[in-house]
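Structural description and commentary
Single-letter residue listing:
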2 protein chains.
Amino acid sequence: MNPPIDTRVRLVEAARDLFLLQGYNATGIAQILRQSGANSGSLYHFFPTKEDLLIAVLEWYRDNIWEGLLQPVFTRIDDPIERVFGVLDGYRQMLMMLEFEQGCPIGNLSLELANSHPKARELMVLNFENWKAAIGQCITAARGRLPESIEPQRLATLVLCVMEGAVMLARSYRHIAPFDEAVLQLREYFDRLIAEGTRWGGPQRASLGRIVSN
Amino acid sequence: MNPPIDTRVRLVEAARDLFLLQGYNATGIAQILRQSGANSGSLYHFFPTKEDLLIAVLEWYRDNIWEGLLQPVFTRIDDPIERVFGVLDGYRQMLMMLEFEQGCPIGNLSLELANSHPKARELMVLNFENWKAAIGQCITAARGRLPESIEPQRLATLVLCVMEGAVMLARSYRHIAPFDEAVLQLREYFDRLIAEGTRWGGPQRASLGRIVSN
């Protein structure tokens, strides 16, 4: 008889939480069994290898980015630029609430496993791409307020890098100060872009945007 | 008889290279012994625990930031802003040359070990602080070309975050494109700061800088 499907869910959630807190290599199979309450037969039924479990965790993040990360911010905030900073603020709250014990799950796994786990690596890239696409859509929605030369996807890549770096520093320092410094400086950049993008109305803005961008 | 001091050097270098490539938890003591050619007696003489070896690796980075990272760039480039981007370009070259197998050693260790190794964490912070101080000095040297409101240390924190995030993405994607996108966008920001900082000469610039920054 096959083990029930909710055992699979419990295994994935236990692995997800342990990988996030300790990393992949530091997490033992025995610990995952203990935390999930599953037995080893069920584990090997659903996940013949530890990497299969890792893949399932990364799929969980892929499937939950909207509900877990974006929706809580986007229902609270309408302004597209404020949504970008709202997402960043979500990481800030998580860092503070969990006393810097947890950061970005994809970022952690990526630095630990990019060399050794090619299949998982592709799912990490997909997660990064989904994150970037969501932020890129916010920036696109605010395009009328930004200089014409700004490419939303490229700016979204910068925002993603700043988030990952800022989370890394906050966790290392066990202090929110470096996170806040980086995000404040990024805000300074956005304020500058908006000041420039809204300085002139109509067709004048477009042509000036081009001159300034050269 | 105590083992010779160059055995200690070989142990630290072997651990440094293996931690960089595989991470800390995935690197076994046996592998460090094999790669260094040292015996376990020497290892335990110098480093009673694996964490002692980690500390020595982080001290190695602390002591070699000038020679290994900054000096090669600073002797080639005089302009302080170009030095900032020269340092970033050094990471780009390393990523390309080693086919994305290696990133920022401190960044890797920081995400893997910040929760579990408090003594090592303090040395990671010191390494981040030294990096930021060097970049902050470049920005300070270029202050006359930047808006008055820019705080060099805060901007340096942003640069560090962008570097760490960009290296992370390049390693995950196994492609330089996301690194280049992030650094190009950071360059766009610096260009904008410089355009603003040098737009007006003399006292006018200072007062306008204040108005714009509000």
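What you see is a predicted model; the values in this text were computed from it and never measured. (Residues numbered from 1 in each chain as written. Chains lettered and ligands numbered in written order. Predicted model: local features only at pLDDT ≥ 70, side-chain atom pairs only at ≥ 80, totals over all residues.)

A word on the domain arrangement of chain A
Residue and element names in this part refer to chain A. Taken domain by domain, chain A consists of domain 1 (1-48) and domain 2 (54-213). On a C-alpha basis, the centroid separation for the pair domain 1 and domain 2 is 30 Å. At the junction of the two partners, domain 1 supplies 10 residues and domain 2 supplies 11 residues. When the residues that make up the side of domain 1 that touches domain 2 are grouped by side-chain class, the tally is 7 nonpolar, 2 polar and 1 charged. (Domains from an automatic or database assignment. Contact = placed C-beta atoms within 7 Å. Nonpolar A, V, L, I, M, F, W, Y, C, P; charged D, E, K, R; others polar.)

Description of the relation of the copies chain A and chain B
Superposing chain A onto chain B takes a rotation of 180° plus a shift of 0.0 Å along the axis, which leaves an RMSD of 0.0 Å. A rotation of that kind, with that shift, is consistent with a two-fold axis. Of the residues that chain A buries at the interface, 100% are likewise interface residues in chain B, meaning the two copies contact each other through the same surface. (Least-squares fit on C-alpha atoms with pLDDT ≥ 70 in both.)

Focus: the environment of Leu53(A)
Take Leu53(A): it is sitting in helix H4 (residues 50-76). Sequence-wise, Leu53(A) and Arg16(A) are 37 residues apart; in three dimensions their C-alpha atoms are separated by 9.0 Å. (Helix = DSSP H or I, 4+ residues; strand = E, 2+ residues; numbered from the N terminus.)

Concerning the nonpolar core
Counting 119 residues, the largest nonpolar core has Val159(A), Val162(A), Ala166(A), Val159(B), Val162(B) and Ala166(B) as its most contacted members. Setting aside residues up to four positions removed in sequence, Val162(B) forms contacts with Leu158(A), Cys161(A), Val162(A), Gly165(A), Ala182(B) and Leu186(B). (Core = buried A, V, L, I, M, F, W, Y, C linked by C-beta atoms within 7 Å. Buried ≥ 20, exposed ≤ 12 C-beta atoms within 10 Å, placed from the backbone.)

Observations concerning helix H1 (residues 5-22) of chain B
Residue and element names in this part refer to chain B. Compared with the 26 Å implied by 1.5 Å per residue over 18 residues, the 26 Å span of H1 between its first and last C-alpha is a close match. Where H1 is concerned, the buried positions are Arg8, Leu11, Ala14, Ala15, Arg16, Leu18, Phe19 and Leu20. Contact partners of the buried residues in H1: helix H2 (29-36), helix H3 (40-46), helix H4 (50-76) and helix H6 (105-113). With its phi angle positive at about 95°, Gly23 sits one or two positions after the end of H1. (Expected span 1.5 Å × (residues − 1).)

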